[in-house]
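Single-letter residue listing:
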Amino acid sequence: MTEQPDENARRLLDLGKGSKPRAFEDGTPEQARLDYNAGFLSVQGAKETVTSIEDRQIDGPNGPINLRVYRGTGAPSRDAAALLYLHGGGWMLGNLDSHDEICRWFANIAQCVVICPDYRLAPEHKFPAGLMDCAATLTYMAQNAAELGIDPLHIAVAGDSAGGNLAAVLALMARSGEVPRLAAQLLIYPNTDAAQTADSYRRHGEGFGLTLSTMRWFRDHYVRSNEDILDWRVSPLRAESLAGAAPAFVLVAGYDILADEGLAYAERLREDGIPVVLRQWPGQIHGFVSMGKYIPDARQAVEDAVAAWRSFEEVSDRTTP
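Residues numbered from 1 in each chain as written. Predicted model: local features only at pLDDT ≥ 70, side-chain atom pairs only at ≥ 80, totals over all residues. Heavy atoms only, no water.

This brings us to the pattern of salt bridges. A complete count under the given rule lists 20 salt bridges for this structure. Asp-199 is the partner of Arg-202 in a salt bridge, and the nearest nitrogen-oxygen pair spans 2.8 Å. By relative accessible area, which is 35% here, Asp-199 ends up partly exposed. Via salt bridges that share partners, Asp-199, Arg-202, Arg-203 and Asp-260 belong to a single interconnected network. (Salt bridge = Lys/Arg side-chain N within 4 Å of Asp/Glu carboxyl O. Buried < 20%, exposed > 50% of the residue type's maximum accessible area, 1.4 Å probe, protein only.)

Let us look at the packing of aromatic side chains. Going through the model one piece at a time under the given rule, you end up with 10 aromatic pairs. Seen in terms of ring centroids, Trp-91 and Tyr-222 are 4.4 Å apart; in terms of plane orientation they differ by 5°. Their pairing is stacked. In this pair, Trp-91 is assigned in the loop between strand E3 (80-86) and helix H3 (100-109) and Tyr-222 in helix H8 (residues 212-222), connecting sequence segments 131 residues apart. As far as the burial class goes, Trp-91 and Tyr-222 line up, both buried. Linked through ring pairs, Phe-24, Tyr-36, Phe-40, Trp-217 and Phe-218 together constitute an aromatic cluster. (Phe/Tyr/Trp six-rings, centres within 6.5 Å; stacked < 30°, edge-to-face > 60°. Helix = DSSP H or I, 4+ residues; strand = E, 2+ residues; numbered from the N terminus.)

A few words now on the sheet that holds strand E1 (residues 52-60). Pairing is mixed across the open sheet formed by 8 strands, whose spatial order is E1-E2-E4-E3-E5-E6-E7-E8. Each end of this open sheet is capped by a strand with a single partner; those strands are E1 and strand E8 (276-285). Sheet twist, expressed as the mean angle between neighbouring strand axes with direction ignored, is 20°. Both strand E2 (residues 63-71) and strand E4 (residues 113-117) contribute to a ladder of 5 bridges, which runs antiparallel. The residue bridging Tyr-70 from the neighbouring strand is Val-114, located in E4. Packed on one face of the sheet, H3 meets E1, E2, E3, E4, strand E5 (150-160) and strand E6 (184-188) and runs near 50° to E2. Each of E6, strand E7 (248-255) and E8 is contacted by helix H10 (residues 259-271), which is oriented at about 150° to E7, the strand it contacts most. (Pairing = 2+ DSSP bridges. Axes fitted to C-alpha atoms, helices over the stretch in contact; angles between N-to-C directions. Contact = heavy atoms within 4.5 Å.)

As a volume, the second largest pocket reaches approximately 250 Å³. Along its surface, the second largest pocket is lined by 15 residues, and Arg-181, Leu-182, Ala-183, Ala-246 and Pro-247 are the ones closest to its centre. The biggest single contributor to the lining of the second largest pocket is helix H11 (residues 297-319), with 4 residues. Considered class by class, the residues forming the lining of the second largest pocket number 10 nonpolar, 2 polar and 3 charged. (1 Å grid on protein atoms, 1.4 Å probe; cavity = no way out; pocket = protein on both sides within 12 Å on 5 of 7 lines; lining within 4 Å. Points joined across faces, edges and corners; volume = space filled by probe spheres on them. Nonpolar A, V, L, I, M, F, W, Y, C, P; charged D, E, K, R; others polar.)

Spelled out as structure tokens, the structure:
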């Protein structure tokens, strides 16, 4: 790790100290959402043009689910690769607009179709409600592939932070057929262990954006009880085995409270025979991929994820009879 965060990350941290009205955990969930929604646009870069964007609504196990469908520039009208993108926000924050920049990048860089669900959030909808919405969206993509113009055998899942957690869990669920098969999992500073005992919680628990107290607040609103913390569907690092999951790209930021559990998950995947591309950004902070206005590394991180996805697909194509 570098001796201090990247210059652009430090600038953003300094700006945040003066602009944030309160820590999320010092208010109500409703206030946290208002604060979050008021701030995310100020750190996103210019929106890239894509071929099309469509909002849809599908039926889910807990009621309707709103989706946003992006078709990237250069994506074929039929049999396009597809990506299910799950936004971060501690399972409590985020929406179809908060990660619009990332979804556009993925759609254009991969020349694919990206679908982002507005999954249910805690604490109104605790685990596993949001996860069930994500699973339902993946099933919808596979079952409606022809109408969506996508190839059901080339669907990947991606997500950042809490979204990376949900993506990792879907990749484990896919092993048993509980959700459709996945070509890849692209995990951006994922949360993989809700016990929150990794040393990076000590090293980076204050002063680098996402704090220890905020992470505990997010987790405690998401789970129904302490028993859920040990459930692999909340803490995929605690699954007995990760064997059989899709090939994985794992991105880790050096000054991130979640850094150690991201590294640990990549190592567990490798130990269990899963192809892994690990990309470390030593000088970066949690959330940097959503901060394209200030951090040029943001788009490069998505390019790295897409390159890994393509490499997995190339190996699969060569080995498929």
